[in-house]
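# Descriptive analysis of the structure
Given next are the chains, with one letter for each unit.
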Amino acid sequence: TIYRFRYMMPEGISAELEDPLWRTAHTFKRLSRREAAALKPYRLGLVTVQEGDTIDSVAQQMAFLDHPRLRFLNLNGFHVNERLIPGEIVKIVTE
């Protein structure tokens, strides 16, 4: 089995985080059947942007409490200062 991890961080600090990220990735372990059965999968959803929607308002629909804006930007390949366009279809993570 191959796993692929993606870390999100501000630009320009990847070198100083290389060692901590490596250590983090090497703490993963195989889940027991009981642990695996207790997990609910995340799902990828599509949302049509409505008039008045902002990155923050749509990002709040994500299944994550921590860093929803950064996760939304990363998932959709948006830059920090981008604006949503009504009618545009964007991805969110749901439970």
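Above this note sits the structure.
Presented here is a report on the structure given in the accompanying data block. (Residues numbered from 1 in each chain as written. Predicted model: local features only at pLDDT ≥ 70, side-chain atom pairs only at ≥ 80, totals over all residues. Heavy atoms only, no water.)

## Side note on the pattern of salt bridges
Rules: The term salt bridge refers to a pairing of a side-chain nitrogen on Lys or Arg with a carboxyl oxygen on Asp or Glu at a separation within 4 Å. Only DSSP runs of H or I reaching four residues or more are called helices, and only runs of E reaching two or more are called strands; each is numbered from the N terminus. Relative accessibility decides the category of a residue: with a 1.4 Å probe and only protein chains considered, values under 20% of the type maximum give buried, values over 50% give exposed, and everything between is partly exposed.
Tallied over the full model, the rule gives four salt bridges. A salt bridge links Asp56 to Arg69, with the nearest nitrogen and oxygen atoms 3.1 Å apart. Note that Asp56 is positioned in helix α3 (residues 55–59) and Arg69 in helix α4 (residues 68–76), a separation of 13 residues in sequence. A relative accessible area of 36% means that Asp56 is categorised as partly exposed.

## Section: the environment of Ile92
Applicable threshold: The contact definition used throughout considers only heavy atoms, calling two residues in contact when any of these lie within 4.5 Å.
Among the secondary structure elements, Ile92 is positioned in strand β2 (residues 89–94). By relative accessible area, which is 5% here, Ile92 ends up buried. For the pair Ile92 and Ser32, spaced 60 residues apart in the sequence, the C-alpha separation amounts to 29 Å. Setting aside residues up to four positions removed in sequence, Ile92 forms contacts with Arg43, Leu44, Gly45, Val47, Val58, Gln61, Met62, Phe72 and Leu75.

## Brief notes about a nonpolar patch on the surface
So the rule is basically this: Each patch is assembled from residues with relative accessible area greater than 30% and no salt bridge, linking like charges that lie within 9 Å and nonpolar side chains (Val, Leu, Ile, Met, Phe, Trp, Tyr) that lie within 5 Å. We get accessible surface area from the Shrake-Rupley algorithm with a probe of 1.4 Å; when it comes to residues, only the shown protein chains can shield them.
Taken together, the side chains of Tyr3, Phe5, Tyr7 and Phe28 present a nonpolar region at the surface, about 470 Å² in accessible area. By secondary structure assignment, the location of Phe28 is in the loop between α1 (14–25) and α2 (33–38).

## A closer look at the packing of aromatic side chains
Defined as follows: Any Phe, Tyr or Trp ring, taking Trp's six-membered ring, that has another such ring centre within 6.5 Å forms a pair; planes under 30 degrees apart are called stacked, those over 60 apart edge-to-face, and the others tilted.
For the coordinates displayed, the defined rule picks out two aromatic pairs. Arranged with centres 5.1 Å apart and planes meeting at 50°, the rings of Tyr42 and Phe64 form a pair that is tilted. Here Phe64 lies in the loop between α3 and α4 and Tyr42 lies in the loop between α2 and β1 (43–48), a separation of 22 residues in the sequence. Accessibility expressed as a relative area gives 46% for Tyr42, which makes it partly exposed. Ring centres of Phe72 and Phe78 lie 5.9 Å apart, and the angle between their planes is 55°; this geometry places the pair in the tilted category. Of the two residues, Phe72 and Phe78, both sit in the buried class.

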